[in-house]
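Listed below, chain by chain, are the residues.
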Amino acid sequence: MDTVPPTPIHATLSLTEACALMLLQQTHRCRITDDSNQTSHILYRADLLQLLASEPSRESETLLSLINSRGITNARYQRLATIHQCQRYYLADQAGRFIHVSDALAELFNTTSEALLGQSADTVFPLAQARRLNQWHADVLQAKSPTVKPLPFAGIDGTHITLLTLMPISEPDSPSEILGLLTLAPSEWQPTEVDRITENELETIFQSLPDLFFRLASDGTILDYRAQQSADLYMPPEQFLGKRMQEILPCDLAELFTCRMDEQKSTGELITYEYDLPIGTGTARFEARLRDLPGTDEIIVIVRNITEQYREHQARIRAEQQLSLALEAAKEGVWDWDIRAGLWSANARFFTMLGFPPAVQPQPIHHWNTKIHNDDVERRKLAYGSLLTGDSENLDVDFRVLNSDGGYQWVRARGKVVERSPDGLALRAVGTHEEVSERKMLEERLKLAATVFENTAEGVIIANPRGHIIEVNQGFVDVTGFSRDEVLGRHVRLLNSGRQAPAFYRTIWRALLTEGSWQGEIWNRRKDGQTIPEWLNINAVYDDNQQISHFVAVFSDISVLKRSEEKLDHMAHHDALTGLPNRLMLQARLGRALVHASRNQSLLALLFLDVDRFKKINDSMGHTIGDGLLKQVGKRLKSCVRAEDTVARLGGDEFVVLLENLPNGEAAALIAEKILRSIREPFDIQGKEFYTTTSIGISVYPNDGKSPADLLRNADTAMYQVKQKGRDSYSFYTEHLTTNAQRKAEMESELHRAILNNELMLQYQPQFNLNNEELVGMEALVRWNHPVKGMIPPDLFIPLAEESGLINKISEWVCNAACQQVRIWLDKGFRVPRVAVNVSGAELMGGNLLTNFTSAMSTHRIAGSQLEAEITENFMMQDVERAVGLVNELRDLGIVIAVDDFGTGYSSLAYLKTLPIHRLKIDRTFVREIPNNVNDMAITHAIIAMGESLGLEILAEGIETREQQAFLRSKGCSLGQGYLFARPLSAENIEGWLAH
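What this report covers is the structure whose coordinates are included nearby. Within every chain, residues take consecutive numbers counted from 1 along the sequence as written. The model is predicted, so local features are restricted to residues of pLDDT at least 70 and side-chain atom pairs to those at 80 or more, both for listing and for counting; the totals for chains, interfaces and linings are taken over all residues. The side-chain quantities take in all heavy atoms of the structure and omit both hydrogens and water.

### Examining the overall build of the chain
Here's step 1: Helix and strand counts for the chain come out as 36 helices and 40 strands.
Here's step 2: For each residue, the accessible area found with a 1.4 Å probe, counting protein chains only, is set against the maximum for its type, and the residue is called buried under 20%, exposed over 50%, and partly exposed in between. Looking at the 996 residues of the chain, the share that counts as buried comes to 43%.
Here's step 3: The contact criterion used is simple: two residues touch if any of their non-hydrogen atoms lie within 4.5 Å. At a minimum sequence separation of 6, the contacts of the chain that also span at least 24 residues come to 53%.
Here's step 4: Residue burial considers only the protein chains on display, and all accessible areas are found by Shrake-Rupley using a 1.4 Å probe. Roughly 52700 Å² of accessible area belongs to the chain as shown, and the carbon and sulfur atoms make up 51% of that amount. The way it works is that DSSP assigns letters per residue, a run of H or I at least four long becomes a helix, a run of E at least two long becomes a strand, and they are numbered from the N terminus.

Written as structure tokens, this is what we have:
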């Protein structure tokens, strides 16, 4: 296609100027424009040069004039005719009228070209030929492509067989036209005489034909009927001559003949059709050919008996269909390789199985060679090479081919050479292609399965439906000790251990026959006689008829697993430290014991034990000592009870003793006393003696509970009653203990809500200089304002908070609330003395103490010098090293450190001198009896003296009388707080003190 745009040329240029310009610019096309630059025509240089050469006199005419006079168009047609070496041509419009006729063609009609302009084809051609010519014109214009037709032509010099070339001509903005080129057919196509066909010539044609010959009038009347041999005539000629062909044929064939004869008359073409006709020997197949006799309105019919050829053709079609069906069923493609031409072709199946559209044309062999997988190229090349050289009779090779999706499919090529040259060179080979990807995958799976079968650690048995072994793997040999040869052909009962009853094996066979599978634990026998536990999976394998063909059993030795299970079971039901039953096993045994007691109307008792002060021993002496103590306690407990009784450890230092079949409750008390005496004996742990006691709570079935949970809870409640009374004893459960415990649990729940609902509040008790009674500080005291019960004193909820773990949240709240209040007072302009905040032992040991202070101080912008941390003496003495570290960190923040309740705990000068503290607070229990109690006065004096010797400030709590104030002041105590001066006040009421 010419992609160069045409050169614009003005319509006023002359023919010579336009040719010169296009030659100068070396362009093949030009676009004719007018003054408005509107394009009217596209002209070709070859057409202009043709017109200039054939009609030099028009060299000065303008292009516009030449276009209007069709001079250029006629020149194009003349050029086309010259290209085709044709002098006889014409140009016709869509209606078939001549627009232009060459002089040479006009001479054939014995007329001039001018006389033919505007005339139709039927002016010079017979009517039938004219109709046929008009139909050809229409077909060419519709198809927009040229065609060549044979045309018998009767001119003044006789009849000729000609070839008519028809080409569609399309001009811009003009209707399409037809160019017809008339040339003589080769001489061998021409008759010996062109003026007419004589009877002798027809006779010669008849004698040369091995067929039936009919010559018919235009209405189908038989004018002549003959054959080369009279024996070939199906009826004597006299029975046909003069009759219409439609009369001698059966009705259906007569209608078919009439249709074909009308078709021949309308088209002028040779009409061929086949039909079946009954004859004496049966039904025969005939072929009829109809053609008009040139120069006449007669029709020639040639009839040939093609029964044998038809039968052979049908047989060939059936054979091809059968082959195609067979190949399709086999999903194989057929290929044909023309080795000399290097072309390769295949049927549609080959292409479609790879996802490509069917290719019908042969393709170069290298086109498919490039699609072979790199790993298969050499192997395929060797296979084909052996076939071509004759080293191998047949080709049979697998390889991978690239499919339309970009993946590879496995193909199996089979074939052979079917044609060789005299010197043995292969010329042609044929064969088939089969898609074998699925087979290859199956082969890989089988290889993998075989590898797994031989290398899996599990034993595998393949048996027939009767249970006889037909194959085993190496895993079977390793597990059972039997070799493969020792078991092949033998029944699987060879492995029975005898530990399971015959009913067990009948259950297995029943499951296999009804459900097709069974799995479970089984005991089998090794070759050495040892029985081993196995986990066995058996599955039935079915054939195409859904009958069992094999059984496959896979088993593994679970001896290690069983031992692990036993160990895990023991671990799950026993305490890891003492080896005693744990809570889970106790629950199970207690449940069974209750059922037994209920059935036999007997008593049982539950003893809940707690080792007294165990935490102190464990924390001070280390976990190793603590663990050793718990082990020995467990042994002593077991020694105090019967073999059928249960001693369990619940966790920590808690133990439970289950006593069954007791005659009465006193029997449980006797066991409890025996346990108490045993535990009081010294314990020898790592060469050191340790002493401890135990507290025991006792609940009895059925009086104290009828479920495991009730008995355990009530025994636990009774044990805590012993703790509160001083430990080292036992107590039976009573109803009021549960009431107290429930009240305690209720208060704990309410305390949770109190923290969330801001029911806590702070009161502040002023601290004074005992000499001048000047305000020097205040202690922040937490109070609980219950919405229903009112103000709850701290001695009721603080111990509960320490026991439940809520003390940490309360301590955090107190520290934050105190700092917040100090900030409020400072913002109001008050001079605020130091505020003391109580620190709980849990807070001190839990690690949140420093965080609570730094967070509150940072949030409310409070300096450490505004605060005092009061730490209980007992908590500081529990872990002196840790306490020293924390107190030093608080001191670094500027916080004053005070020891609260001094004198009620260790009161050790050795410990005190190591603690970085500022102040000692004498507990109110020593101040309360002054001056009436000489001992309290002596203790108070000693504490003051001890503090002074260490350089510490001394503050006395609980001062209620002037006598107490005077005594303390006389002994050197300069600070104090108590009801004598002020009770704890709200933040609003304390502001009156701050103002003065």
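Having seen the structure, we can now continue with the description.
### Let's talk about the pairing of strand β14 (residues 332-338)
Here's step 1: Strands qualify as paired when DSSP identifies two bridges or more between them. As defined by bridge partners, β14 adjoins strand β19 (residues 426-435) across seven bridges and the pair is classed as antiparallel. From the neighbouring strand, Gly-333 faces β19, where its bridge partner is His-433.
Here's step 2: Looking at chain direction, β14 and strand β15 (residues 343-346) are connected through four bridges and run antiparallel. Bridge assignment links Asp-338 to a residue of β15, and that residue is Leu-343.
Here's step 3: The hairpin formed by β14 and β15 contains four residues between the paired strands, and Gly-342 there has a positive phi angle of roughly 70°.

### Some words on the pairing of strand β2 (residues 29-33)
Two faces, one strand: in a regular strand the side chains alternate between the faces of the sheet.
Here's step 1: Across the five residues of β2, four count as buried, placing the element largely inside the fold.
Here's step 2: Across four bridges, the pairing between strand β1 (residues 7-10) and β2 is parallel. The partner of His-10 across the bridge, within β2, is Thr-33.

### What about the nonpolar core?
Here's step 1: Grouping buried Ala, Val, Leu, Ile, Met, Phe, Trp, Tyr and Cys residues that are joined through side-chain atoms within 4.5 Å yields what is termed a nonpolar core. Counting residues in hydrophobic clusters, the biggest one holds 72 residues, and the most contacted among them are Tyr-764, Phe-853 and Leu-968.
Here's step 2: If sequence neighbours within four positions are ignored, Phe-853 has contacts with Cys-815, Val-837, Val-839, Leu-867, Ala-869, Leu-890 and Ile-895.
Here's step 3: In terms of nonpolar packing, the next biggest core, distinct from the first, is built from 32 residues, Val-611, Val-647, Ala-668 and Ala-672 among them.

### Section: helix α36 (residues 987-995)
Here's step 1: Three or more residues of α36 are buried, namely Ala-987, Ile-990, Glu-991 and Leu-994. For α36, the angular spread of the buried residues around the axis is 120°, confining them to a single face. Residues of α36 that are exposed and point over 90 degrees away from its buried face: Glu-988 and Ala-995.
Here's step 2: For α36, the secondary structure elements touched by its buried residues are β32 (760-769), β33 (775-786) and α27 (807-827). The arc in question is traced by the directions running from the helix axis to the C-beta atoms.

### Thoughts on the side chain of Asp-398
Here's step 1: Relative to the helices and strands, Asp-398 resides in strand β17 (residues 395-402).
Here's step 2: What makes Asp-398 buried here is its relative accessible area of 15%.
Here's step 3: Counted as a polar contact is a pair of N or O atoms within 3.5 Å, where, for protein atoms, one must be capable of donating a hydrogen and the other of accepting one, and residues adjacent in sequence contribute only when both atoms are in side chains. Only 2.6 Å separates the side chain of Asp-398 from the side chain of Arg-439, close enough to count as a polar contact.
Here's step 4: Ignoring sequence-local partners within four residues, the contact set of Asp-398 consists of Arg-379, Trp-410, Val-411, Arg-412, Arg-439 and Lys-440.

### What about the pattern of salt bridges?
Here's step 1: The working definition used for a salt bridge is a side-chain nitrogen of Lys or Arg within 4 Å of a carboxyl oxygen of Asp or Glu. In the structure shown here, the tally under the stated rule is 35 salt bridges.
Here's step 2: Two residues, Asp-612 and Lys-723, come together in a salt bridge whose shortest N-O distance is 2.9 Å. Placement of Asp-612 in the loop between β25 (603-611) and α21 (614-621) and of Lys-723 in helix α24 (residues 708-725) is noted, with a sequence separation of 111 residues between them.
Here's step 3: Residue Lys-723 is classed as buried on the basis of its relative accessible area, which comes to 18%.
Here's step 4: Residues Glu-870 and Lys-921 are paired through a salt bridge, measuring 2.6 Å at the closest nitrogen-oxygen approach. With Glu-870 in strand β36 (residues 867-872) and Lys-921 in strand β38 (residues 919-922), this pair connects stretches of sequence that are 51 residues apart.
Here's step 5: Exposure remark for Lys-921: the relative accessible area of 0% places this residue in the buried category.
Here's step 6: Salt bridges sharing partners connect three or more residues here, namely Glu-779, Glu-870, Lys-921 and Glu-957.

### Concerning the packing of α21 against helix α22 (residues 623-639)
Here's step 1: Packing of α21 against α22 brings their axes to within 6 Å, and their N-to-C directions diverge by 140°. Overall, the two elements α21 and α22 adopt an arrangement that is oblique. Contact residues: Phe-614, Ile-617, Asn-618 and Met-621 in α21; His-623, Ile-625, Gly-626, Leu-629 and Leu-630 in α22.
Here's step 2: The residue makeup of the contact of α21 with α22, split by class, is six nonpolar, three polar and no charged. Convention adopted: a line fitted to C-alpha atoms gives each axis, helices being fitted over their contacting stretch, and angles between N-to-C directions are expressed from 0 to 180 degrees. Under this scheme an angle from 65 to 115 degrees is roughly perpendicular, one under 35 degrees roughly parallel, and one over 145 degrees roughly antiparallel; angles in between are oblique. When residues are sorted by character, Ala, Val, Leu, Ile, Met, Phe, Trp, Tyr, Cys and Pro go into the nonpolar class, Asp, Glu, Lys and Arg into the charged class, and all the rest, Gly among them, into the polar class.

### Some details on the sheet that holds strand β22 (residues 517-525)
Here's step 1: An order of β21-β20-β24-β23-β22 is seen for the five strands of this open sheet, with the pairing classed as antiparallel. In this open sheet, the two strands that pair with only one neighbour each are β21 (469-472) and β22. Averaged over all adjacent pairs, the angle separating strand axes in this sheet is 25°, with direction ignored.
Here's step 2: With nine bridges connecting them, strand β23 (residues 531-542) and strand β24 (residues 548-557) associate as antiparallel partners. Bridge pairing in β24 links Asn-537 to Val-554.
Here's step 3: Where helix α18 (residues 502-515) meets the sheet, its contacts fall on β22, β23 and β24, and the angle it forms with β22 comes to roughly 150°.

### Digging into helix α34 (residues 934-949)
Here's step 1: Between the first and last residue of a helix there are one fewer steps than residues, each counted as 1.5 Å, and that sum is the expected span. If you check α34, its first and last C-alpha atoms are 22 Å apart, about what 16 residues at 1.5 Å a residue would give, namely 22 Å.
Here's step 2: By the burial criterion, the buried members of α34 are Asp-936, Met-937, Thr-940, Ile-943, Ile-944, Met-946 and Gly-947.
Here's step 3: Its side-chain oxygen placed 2.9 Å from the backbone nitrogen of Asn-935, Asn-933 serves as the N-cap of α34.
Here's step 4: Looking one or two places after α34, you find Gly-951, whose phi comes out positive at around 75°.

### A short note on the sheet that holds strand β10 (residues 222-226)
Here's step 1: Here we have five strands laid out as an open sheet, ordered β10-β9-β13-β12-β11, and antiparallel in their pairing. Each of the sheet's edge strands pairs with one partner strand only, and the pair in question is β10 and β11 (271-279). Taking each pair of neighbouring strands and ignoring which way they run, the sheet shows an average axis angle of 20°.
Here's step 2: Here strand β12 (residues 282-292) pairs with strand β13 (residues 299-305) via seven bridges, running antiparallel. Within the sheet, the bridge partner assigned to Ala-288 lies in β13 and is Val-303.
Here's step 3: On top of the sheet, helix α10 (residues 251-267) reaches β9 (212-216), β11, β12 and β13; it is set at about 165° to β11, its chief contact.

### Digging into the packing of aromatic side chains
Here's step 1: By convention, a stacked pair of Phe, Tyr or Trp rings (six-membered ring in the case of Trp) has centres within 6.5 Å and planes under 30 degrees apart, an edge-to-face pair has planes over 60 apart, and any other such pair is tilted. As enumerated under the stated definition, the model contains 16 aromatic pairs in all.
Here's step 2: Ring plane angle 20° and centroid distance 4.8 Å describe the contact between Phe-214 and Tyr-225, whose orientation is recorded as stacked. On the criterion of sequence distance, the pair formed by Phe-214 in strand β9 and Tyr-225 in strand β10 is long-range, its members being 11 residues apart. Of the two residues examined, Phe-214 and Tyr-225, each falls in the buried class.
Here's step 3: Their ring planes at 40° and their centres at 5.2 Å tell us that Phe-768 and Phe-981 sit as a pair that is tilted.

### What to know about the environment of Lys-789
Here's step 1: Within the secondary structure, Lys-789 sits in the loop between β33 and β34 (790-792).
Here's step 2: With a relative accessible area of 45%, Lys-789 lands in the partly exposed category.
Here's step 3: In this structure the side chain of Lys-789 is engaged in a polar contact, spanning 3.2 Å, whose partner is the side chain of Glu-750.

### Notes on the state of the cysteines
Here's step 1: Throughout, disulfides are identified as pairs of cysteine sulfur atoms within 2.5 Å of each other. Applying the stated rule across the entire model yields zero disulfides.
Here's step 2: The thiol of Cys-815 is unpaired, and the distance to the nearest cysteine sulfur, on Cys-819, comes to 4.6 Å.
Here's step 3: With a relative accessible area of 2%, Cys-815 lands in the buried category.

### Some thoughts on the environment of Met-353
Here's step 1: Checked against the element boundaries, Met-353 lands in helix α12 (residues 348-353).
Here's step 2: Taking C-alpha positions, Met-353 is 8.6 Å from Asn-403, a pair spaced 50 residues apart along the chain.

### Structural notes on the environment of Leu-844
Here's step 1: By the element assignment, Leu-844 lies in helix α28 (residues 841-846).
Here's step 2: On the basis of relative accessibility, which here comes to 1%, the residue Leu-844 falls in the buried class.
Here's step 3: Taking C-alpha positions, Leu-844 is 9.9 Å from Thr-872, a pair spaced 28 residues apart along the chain.

### Examining the side chain of Asn-852
Here's step 1: By secondary structure assignment, the location of Asn-852 is in helix α29 (residues 849-860).
Here's step 2: In this structure, Asn-852 is in contact with Glu-812, Cys-815 and Glu-843, ignoring residues within four places of it in sequence.

### Observations regarding unusual backbone geometry
Here's step 1: Residues Tyr-701 and Pro-702 are joined by a peptide bond in cis, for which omega reads 10°.
Here's step 2: Following the sequence through the fold, Pro-702 ends up in the loop between β30 (694-701) and α24.
Here's step 3: Residue Pro-931 follows Ile-930 across a cis peptide bond; omega there is 5°.
Here's step 4: By the element assignment, Pro-931 lies in the loop between α33 (924-927) and α34.
Here's step 5: Even without being a glycine, Lys-144 presents a positive backbone phi close to 55°.
Here's step 6: If you trace the backbone, Lys-144 turns up in the loop between α7 (127-143) and β6 (147-155).
Here's step 7: Judged by relative accessible area, which is 70%, Lys-144 ranks as exposed.
Here's step 8: One non-glycine residue, Asn-661, lies in positive phi territory at about 55°.
Here's step 9: As for its position among the elements, Asn-661 is in strand β27 (residues 654-662).
Here's step 10: By relative accessible area, which is 44% here, Asn-661 ends up partly exposed.

Functional significance is not addressed by these values, which are geometric in nature.
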